[in-house]
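Observations on the model geometry
Each chain is listed here by its residues.
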Amino acid sequence: MILETEAGGGILLEDGSITHTSFTVFTGEMDQMNISYGPETVTISLEVESRLVDLERPRIRRYTDADQRSRYPGDEAFSFVTRLQNESLEWEAT
């Protein structure tokens with residue numbers, strides 16, 4: 001089986017090894033893979049996206065003790081937030 005990429009090609013041996021040295025063309029996340037079968041060939045196409053796409057995804061975090069402990073078990077930093085919500089603090093002018 002011959003493997004062809006934009007950067008070159010190689011031969012896939014029966015044991016699963018490739019006859020040429022591999023190299024990185026793109027680093028990112030695989031989005032979707034499509035496989036097309038023909039009478040003589042099989043074509044595999046990948047849709048990929050940059051890791052920067054992850055910056056567009058919303059981050060749903062809350063300033064609660066439960067949310068903080070779900071991410072950092074044993075952390076008690078937010079255990080006082082509920083009590084402080086109804087506190088009235090007075091600051092003296094200096």
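Residues numbered from 1 in each chain as written. Predicted model: local features only at pLDDT ≥ 70, side-chain atom pairs only at ≥ 80, totals over all residues. Heavy atoms only, no water.

This part is about the overall build of the chain. Along the backbone of the chain there are two helices and four strands. Going residue by residue from the N terminus, the α and β elements of the chain occur as β-β-β-β-α-α. Burial status across the chain gives 5% buried among its 94 residues. Across the chain, contacts joining residues at least 24 apart in sequence account for 3% of those joining residues at least 6 apart. Element-wise, carbon and sulfur atoms account for 52% of the exposed surface of the chain, whose accessible area totals about 9,200 Å². (Helix = DSSP H or I, 4+ residues; strand = E, 2+ residues; numbered from the N terminus. Buried < 20%, exposed > 50% of the residue type's maximum accessible area, 1.4 Å probe, protein only. Contact = heavy atoms within 4.5 Å. Areas by Shrake-Rupley, 256 points an atom, 1.4 Å probe, with all protein chains shown as cover.)

A cluster of nonpolar side chains, Val 25, Phe 26, Met 30, Met 33, Ile 35, Tyr 37, Val 42, Ile 44, Leu 46 and Val 48, forms an exposed patch at the surface whose accessible area comes to about 1,100 Å². Secondary structure elements with two or more residues in the nonpolar patch: strand E3 (29-37) and strand E4 (42-49). Position of Val 48 relative to the elements: it lies in strand E4. (Patch = residues over 30% accessible without salt bridge, like charges linked within 9 Å, V, L, I, M, F, W, Y side chains within 5 Å. Salt bridge = Lys/Arg side-chain N within 4 Å of Asp/Glu carboxyl O.)

The final tally for this structure, using the stated rule, is five salt bridges. Glu 49 is paired through a salt bridge with Arg 57; the nearest N and O atoms lie 3.0 Å apart. Note that Asp 54 and Arg 57 form a salt bridge whose closest N and O atoms lie 3.1 Å from each other. Since its relative accessible area comes to 34%, Asp 54 is described here as partly exposed.

In regular strands, side chains alternate between the two faces of the sheet. As judged from the eight bridges shared by E3 and E4, these two strands associate in the antiparallel manner. Paired with Glu 29 across the strands is Glu 49, a residue of E4. Between E3 and E4, which pair antiparallel in sequence order, lie four residues. (Pairing = 2+ DSSP bridges.)

Taken by themselves, the reported measurements are silent on function.
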